[in-house]
Amino acid sequence: MPMLARPVSSQTPDDETTHFGYKTIKREDKEKMVGGVFSSVASNYDLMNDVMSMGVHRLWKNHFINRLDAGMRPGSNRPLDFLDVAGGTGDIAFGLLEHAEKRFNDRASTMTIADINPDMLREGELRYQSTKWNDGSDRVNFLVQNGETMDQIEDNSKDVYTIAFGIRNFTNIQAGLDTAYRILRPGGIFACLEFSQVDNAAIDYIYQAYSFSLLPLMGQLIANDRDSYQYLVESIRKFPKQEEFKGMIEKAGFYVPEKGYENLTFGVASIHIGVKL
Ligand SMILES: C[S@@+](CC[C@H](N)C(=O)[O-])C[C@H]1O[C@@H](n2cnc3c(N)ncnc32)[C@H](O)[C@@H]1O
């Protein structure tokens, strides 16, 4: 079966370089370049997600939220502290709060939505203005933070750490996982939804053909921004495979229950869970 796409650079990243999609760049440049991509896509982000995934990202996100089944249980008197990192426009954060209320009548747990990019976070804040959580209670707050360091978040201060389609953009993914471990309380849950590697060769061929030819074209036609969508597609291919990412979560100190991950849609995306014991 022919390869549909190859890295434009064969250089292997070292201590001073890293990936930006298929390009090898200086590590110090990555944060700024990723920032440029998300500032560029911010205002079209929700629409493009729906168009490009044909709505499937909503099914994955709903499944992720239902699987976590998080919320203050009846009889408990301590609300949970949620943290959604790389929270962008807030799909996961608002979904988690809605779930907690519907399932457990939890109207007290708090949510911090953190993102490195003020433009993405602003889209989330705009959405928040018209939600029921904008009731003056300060249950939801927004924070511009690099997920690799999260220096405004104290050690052992959060119960649930979520990150959806964010961690593959980090310059140092292991640092992000180590930080997740640092800020979770013992018993806290780390949950990641991320694009992954398809486990079936024939389906992977079709998926690659779709993503490498159609997605950048859609980016160009709908958002007039081919390059950002080219990066998003390439960054998916550079992200560690399921088993490797599971090993990184364990390396950060988490206990990984069962198989450690769940593939969604043949592995197009996957959910990884870790528990801080
Ligand atoms: C594809 S969007 C995902 C947004 C949202 N979680 C969702 O699922 O719709 C990726 C987000 O990761 C953010 N991001 C990238 N690098 C980051 C970092 N080092 N720390 C925090 N957020 C980061 C981007 O700014 C962007 O908002």
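What you see is a predicted model, and the numbers here were worked out from it, not measured in a lab.

### Remarks on the overall build of the chain
Piece 1. Summing up its helical and strand segments, the chain has 9 helices and 9 strands in all.
Piece 2. Its C-alpha atoms give the chain a radius of gyration of 18 Å, within 12% of the compact-globule value 19 Å for 277 residues.
Piece 3. For the C-alpha atoms alone, the extent of the chain along its principal axes is close to 60 × 40 × 35 Å.
Piece 4. Burial statistics for the chain: of 277 residues in total, 54% are counted as buried.
Piece 5. Within the chain, residue pairs in contact and separated by at least 24 positions form 73% of the contacts whose partners lie at least 6 positions apart.
Piece 6. If you sum the accessible surface of the chain, you get close to 13000 Å²; carbon and sulfur atoms cover 51% of it.
Piece 7. The positive charge centre, built from 30 side chains, and the negative charge centre, built from 38, are 3 Å apart in the chain.

### Some thoughts on unusual backbone geometry
Piece 1. Positive phi, close to 55°, is recorded for Ala-86, a residue that is not glycine.
Piece 2. Position of Ala-86 relative to the elements: it lies in the loop between β3 (81–85) and α4 (91–104).
Piece 3. For Asp-138, which is not a glycine, the phi torsion comes out positive at approximately 60°.
Piece 4. By the secondary structure assignment, Asp-138 is in the loop between α5 (118–129) and β5 (140–144).

### Observations concerning the UniProt feature "binding site: S-adenosyl-L-methionine" (unreviewed entry) in the chain
Piece 1. When the UniProt feature table is mapped onto this chain, "binding site: S-adenosyl-L-methionine" (unreviewed entry) is found at Thr-89, Asp-115, Asn-146 and Gly-147.
Piece 2. Structurally, Asp-115 can be placed in strand β4 (residues 110–115).
Piece 3. Overall, Asp-115 belongs to the buried group, its relative accessible area being 7%.
Piece 4. From its side chain, Asp-115 meets the backbone nitrogen of Gly-87 in a polar contact 3.5 Å long.
Piece 5. Here Asn-146 shows up in the loop between β5 and β6 (158–164).

Rules used in this analysis
- Throughout, a residue's number is its position along its own chain's written sequence, starting from 1.
- With the structure being a predicted model, the display of local features is reserved for residues of pLDDT at least 70 and the display and counting of side-chain atom pairs for 80 or more, all residues being used for whole-chain, interface and lining totals.
- To get the side-chain values, take all heavy atoms of the structure and skip hydrogens and water.
- Secondary structure elements are taken from DSSP: a helix is a run of H or I of four residues or more, a strand is a run of E of two residues or more, and numbering for both begins at the N terminus.
- What the globule rule says is 2.2 Å times the number of residues to the power 0.38, and the radius of gyration is computed from C-alpha atoms.
- Remark: exposure states derive from per-residue accessible area (1.4 Å probe, protein chains only) relative to the maximum for the residue type, with buried under 20%, exposed over 50%, and partly exposed in between.
- Note on contacts: a residue pair qualifies if any of its non-hydrogen atoms lie within 4.5 Å across the two residues.
- Only the protein chains shown count as cover for residues, and all accessible areas are computed by the Shrake-Rupley method using a 1.4 Å probe.
- Charge counting follows a simple rule: Lys and Arg are positive, Asp and Glu are negative, and His as well as the terminal groups are ignored.
- A charged residue contributes its charge at one atom only: NZ of Lys, CZ of Arg, CG of Asp or CD of Glu.
- UniProt positions are given in the numbering used here, feature names are shortened, and annotations may be inferred rather than shown by experiment.
- Polar contacts, as used here, are pairs of N or O atoms within 3.5 Å; protein pairs need one atom able to donate a hydrogen and one able to accept it. Residues neighboring in sequence count only if both atoms are side-chain atoms.

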